[in-house]
Every structure is written in C-alpha cells, then in structure tokens.
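Listed below, chain by chain, are the residues.
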Amino acid sequence: MNLDIIHFLIVLLCFTITASQIHKTDPDCDLNITQLIQSKGYKCEEHKVITNDGYILGVFRIPYGRNGSSSTSLGRPVLLQHGLLDAATTWVLNFPEQSLAFILADMGYDVWLGNMRGNRYSRAHVKYNPNRDEAFWDFSWDDMARDDLPSMIYYILNATKHIQIGYIGHSQGTLIAFAEFGNLNNPVQNNVSFYASLAPIAQIGHQRTPLKYLDTDSKQLERYWHKLFGRNEFLPASNILKWLGKYACGEFFIDRLMCENMLFIVGGPDKKNLNASRIPVYTSHGPSGTSVKNMIHFMQCGRSNRFQAYNYHTPEENQLHYNQTIPPMYSIRSMKVPTAVFWAGEDWLADPTDVTYVFDNIQSLVYEKYVPHYNHFDFVWAVSANKVIYEDLINVMQKYHPIQ
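Overview of the structure.

### Some details on the side chain of Thr-160
Consideration 1: By the element assignment, Thr-160 lies in helix H4 (residues 141-160).
Consideration 2: With relative accessibility at 14%, the residue Thr-160 sits in the buried group.

Put into structure tokens, the structure is as follows:
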C-alpha cells in the first residue's frame, strides 16, 4: 500500500466533519430541470427512453424558443449530453443568453437534453430498484456508450421523423460519443450529422484531478474502491470530500462550496470565468450521481492511459465478458461524423496532453479551438462561453446540421 493511500486512511479516521450547508439564496437552487426551463419562459417536455437492458432514462425537450409556439415549424433536433457526475441541468443553469440549450432553442433548433443511467433523472429500471438492488449499479460508461446513447438518438429520430441529429457532448458525453461513433458494429454514427466535443475525453492518463490520490496498484484498484465506496451509487462521505478538497484547493479554500463539491474536485475549482452568484446554483444541482463501477472505470483509464473497456478483476472475468482476457480498446479512427473539438489549458480531467490523442487519431475533424484560460466546467457555465465557445460552435454546426 503506497504512502498516499496510508495518508488517506489516516486522515479518513481523523476527520469527523459533516458536510457544510449550502446557503441557498437563489430560487433556482431548489428547482428541478422542468421548473428551471419553464421559469425562463421556455416550453419543456419530459420523455422516458428505455434502453435495451432496461434502464429508464429521463430525456427533456425544449422544442422551440421563447418566442415560439405549438404552431411553430420545429427545427432539426440537437442532443446535448452532460459530463461525468452531471445531469442535463448543466445546460440550463445560467441565464438564457448564456446557456447553450436556451441559445439553440431561441435560434430555432429542437433541443433535447439527455441523462445517463444512474443520475437523478435516470434512477429507474424495468426490473431493478436503485435503492435496493446492487444490480442496478452494475454499469460503467461502456454501457452508456453501447446502450444509452443509441437509445436516445433513435428515440429522438422516431419522435421527430428526422434521419439525423446534431450532437453536442461535454466531458463524459464526449467519451461515450468517441467510443460509440467509432464502433463499426453499430451504424448509429450514420444518424449523426455533426458532433461538437467540449472538454474531450478519450485517454486520461495525465488527469490532474485529486482522484488520482485514490489510485493504487491496478490489480487492487477495483477491490480498494469497493472497500471505500461500496458497490452501488458513488456517494463519498463528507470527510472524504474534505480530504479531496484540500488537494483541489490547497490549505486555504478558494470557496468552500466548490472545494467540497465533487464536480469541482474533478473539474477544477477555479471560478474566475464564472458568475460567482451562480455557484450555489451549480453546487445545488450537482453532483447528480453515478455508479462506483463507472468511477473505477475512469480510474482504470487514468492508470493505463488507454481508451479501453472496463477491466474486470481477473482475466477469467474479462474472458467471460469480452471473449478475451484483456479489455478491448476503443478506436476513434473509424469515426466519420464531422467533429468540432473545443479544449482548454486549465482542464484537470481533459488535460491538454491527453487531448493530443484525439487529434492524433481523429479522421473527421472539421474545426478545433483551444482556450488556454478555461477549465473543465467553463464550457457549460462560464459567463463568456456564449462568445468564446458557442458562437464558433453554432457557426460550424450550421454548415453540417442547419436549423431547417
């Protein structure tokens, strides 16, 4: 057992601090996604998408902008997919002129907001109860790529009668897209006319998140994380969050709400590009939940620096799942979807060194933009994102996926 793990366990035993209370001064802190959207003057529809393996995903639709109506001719559909530990709310937490979902709806696009299995809007299954059945939480981003993403795309196409969608992913939303759009065994990429990748993730061997301090020998990683967090939902105790927060922010916390919130621990706590008054809103709506297995999968990819499927505890288990003793690799090279990549210099999870793997392998790149002063969540929450990111994104998307 390495010194970092020993230090972690000692600190874990010493801390008895409970989670600090979030000072909710903004009414948006207590609204669900439907209420958030409607409170800004937009129509919101809730849809239930059932995957092939029985998960029931909450998908939300903003069919038109504030000035539209039921008689409005709807634009082409665009699916926005959130990142790790996040939810569809991430696209609507800022004001209408700053939030990508609202901007696209006001332009005339038919906007769909996806939620991955296990987050607060997708805690349902045709067979398993998330509060009772361990089997519900037996998933990682492999399953999101293979089942959740195609299920949502085909549902949207069936509902809208279109043959292609535009896709915009952030963080984990890019990871599952790279994995599935490059999968030659699934033709779903033929139904995607444009893909925008915000904070792109494939290889993450150079991640700078404090989660790396919970790493251990690859053969023991799965067992170690199960001992710390169990086998169901990833719900770190307050003392673990405080310990990780010290690594994220140093001895003197930048902002207690941010430094003890797992989203900012993963993505970086720098708030210089954010509207500081919205931080209680961001921390009230996230993290939104995932499985321990999914977090283990991210840790495995960080340790191996390989874009690969989940590595089970033994070669025999891998053989059972994959018909080979090691997990299969994913490929980006076979992806044909026109892709725009937006990446950042201060991103802890999508580190610039790792993003070079995407550029070295992608064959369908049509645009890229590097923002040196952005971090992981600035792509969705920065007050300047509408100018720095979204204007360019929309200009490129209209070439490949126009509104009408």
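### Notes on the pattern of salt bridges
Consideration 1: Applying the stated rule across the entire model yields 20 salt bridges.
Consideration 2: Close ionic contact of Lys-369 with Asp-392 constitutes a salt bridge, the shortest N to O distance being 2.9 Å. A residue pair is termed long-range when its members are at least 10 positions apart, and Lys-369 in strand E8 (residues 365-371) and Asp-392 in helix H15 (residues 385-400) qualify at 23 residues.
Consideration 3: Residue classification places Lys-369 among the partly exposed residues on the basis of a relative accessible area of 22%.

### A look at H4
The periodicity of an α-helix, 3.6 residues per turn, causes residues three or four places apart in sequence to face the same way.
Consideration 1: Across its 20 residues, H4 extends 27 Å between first and last C-alpha, which sits within 8% of the 28 Å expected from 1.5 Å per residue.
Consideration 2: Counted residue by residue, H4 has 15 buried out of 20 residues, so it is predominantly covered.
Consideration 3: At the C-terminal side of H4, Lys-161 shows a positive phi close to 65 degrees.

### Observations concerning the nonpolar core
A general feature of soluble globular proteins is that nonpolar side chains tend to end up buried together.
Consideration 1: In terms of nonpolar packing, the biggest core is built from 123 residues, with Leu-113, Ile-168, Phe-181 and Trp-225 touching the most fellow members.
Consideration 2: Apart from the residues lying within four places of it in its own chain, the contact partners of Phe-181 are Leu-149, Ile-153, Tyr-167, Val-188, Gln-189, Val-192, Tyr-195, Met-335 and Val-337.

### Let's talk about the packing of aromatic side chains
Consideration 1: Within this structure, the stated rule accounts for 28 aromatic pairs.
Consideration 2: Pairing Phe-194 with Tyr-400 gives two aromatic rings, centres 6.2 Å apart and planes at 10 degrees, and the pair type is stacked. Here Tyr-400 lies in helix H15 and Phe-194 lies in strand E6 (residues 192-198), a separation of 206 residues in the sequence.
Consideration 3: Look at Tyr-400 and you get partly exposed, because its relative accessible area is 33%.
Consideration 4: For the pair Tyr-282 and Trp-381, a centre-to-centre distance of 4.4 Å together with 0 degrees between the ring planes defines the contact as stacked. Taken together, the residues Tyr-282 in helix H10 (residues 279-285) and Trp-381 in helix H14 (residues 378-381) connect sequence positions 99 residues apart. Taken as a pair, Tyr-282 and Trp-381 share a single burial class, namely buried.
Consideration 5: One aromatic cluster is present, formed by Tyr-55, Phe-136, Trp-137 and Phe-139 through successive ring pairs.
Consideration 6: For Arg-278, the ring lying beneath its charged end belongs to Phe-95, and the centroid distance is 4.7 Å.

### Re the sheet that holds strand E4 (residues 110-114)
Consideration 1: If you walk across this open sheet you meet the 8 strands as E1-E2-E4-E3-E5-E6-E7-E8, and the pairing is mixed. For this open sheet the edge positions go to strand E1 (45-50) and E8, each flanked by a neighbour on one side alone. Ignoring strand direction, the axes of neighbouring strands in this sheet form an average angle of 20 degrees.
Consideration 2: Taken together, the 6 bridges between strand E7 (residues 339-344) and E8 define a ladder with parallel strand orientation. Counted as the bridge partner of Ala-340 is Tyr-367 from E8.
Consideration 3: The strands touched by helix H5 (residues 172-181) are strand E3 (77-81), strand E5 (165-170) and E6; relative to E5, the strand with the most contacts, the crossing angle is about 130 degrees.
Consideration 4: Strands in contact with helix H13 (residues 352-361) are E7 and E8; relative to E7, the strand with the most contacts, it is inclined by about 165 degrees.

### A short note on the packing of helix H6 (residues 221-229) against helix H11 (residues 292-304)
To characterise two packed helices, one gives the angle between the axes of the helices and the distance between these axes.
Consideration 1: The N-to-C vectors of H6 and H11 enclose an angle of 140 degrees; their axes lie 10 Å apart at closest approach. Relative to H11, the element H6 is oriented oblique. Taken as a pair, H6 and H11 cross one another with a handedness that is right-handed. For the pair H6 and H11, the contacting residues are Leu-221, Glu-222, Trp-225, His-226 and Phe-229 in the first and Val-292, Met-295, Ile-296, Met-299 and Gln-300 in the second.
Consideration 2: In terms of residue class, the contact of H6 with H11 is built from 7 nonpolar, 2 polar and 1 charged.

### Notes on H5
Consideration 1: The buried count for H5 comes to 10 of 10 residues, which makes it a mostly enclosed element.
Consideration 2: Buried within H5 we find Gln-172, Gly-173, Thr-174, Leu-175, Ile-176, Ala-177, Phe-178, Ala-179, Glu-180 and Phe-181.
Consideration 3: Looking at the buried residues of H5, the elements they touch are E3, H4, E5, E6, H11 and H13.

Conventions adopted
- Residues numbered from 1 in each chain as written.
- Predicted model: local features only at pLDDT ≥ 70, side-chain atom pairs only at ≥ 80, totals over all residues.
- Heavy atoms only, no water.
- Helix = DSSP H or I, 4+ residues; strand = E, 2+ residues; numbered from the N terminus.
- Buried < 20%, exposed > 50% of the residue type's maximum accessible area, 1.4 Å probe, protein only.
- Salt bridge = Lys/Arg side-chain N within 4 Å of Asp/Glu carboxyl O.
- Expected span 1.5 Å × (residues − 1).
- Core = buried A, V, L, I, M, F, W, Y, C linked by side-chain atoms within 4.5 Å.
- Contact = heavy atoms within 4.5 Å.
- Phe/Tyr/Trp six-rings, centres within 6.5 Å; stacked < 30°, edge-to-face > 60°.
- Lys NZ or Arg CZ within 6 Å of the ring centre and 35° of its normal.
- Pairing = 2+ DSSP bridges.
- Axes fitted to C-alpha atoms, helices over the stretch in contact; angles between N-to-C directions.
- Parallel < 35°, antiparallel > 145°, perpendicular 65-115°, else oblique.
- Left-handed = near helix turned anticlockwise from the far one by under 90°.
- Nonpolar A, V, L, I, M, F, W, Y, C, P; charged D, E, K, R; others polar.

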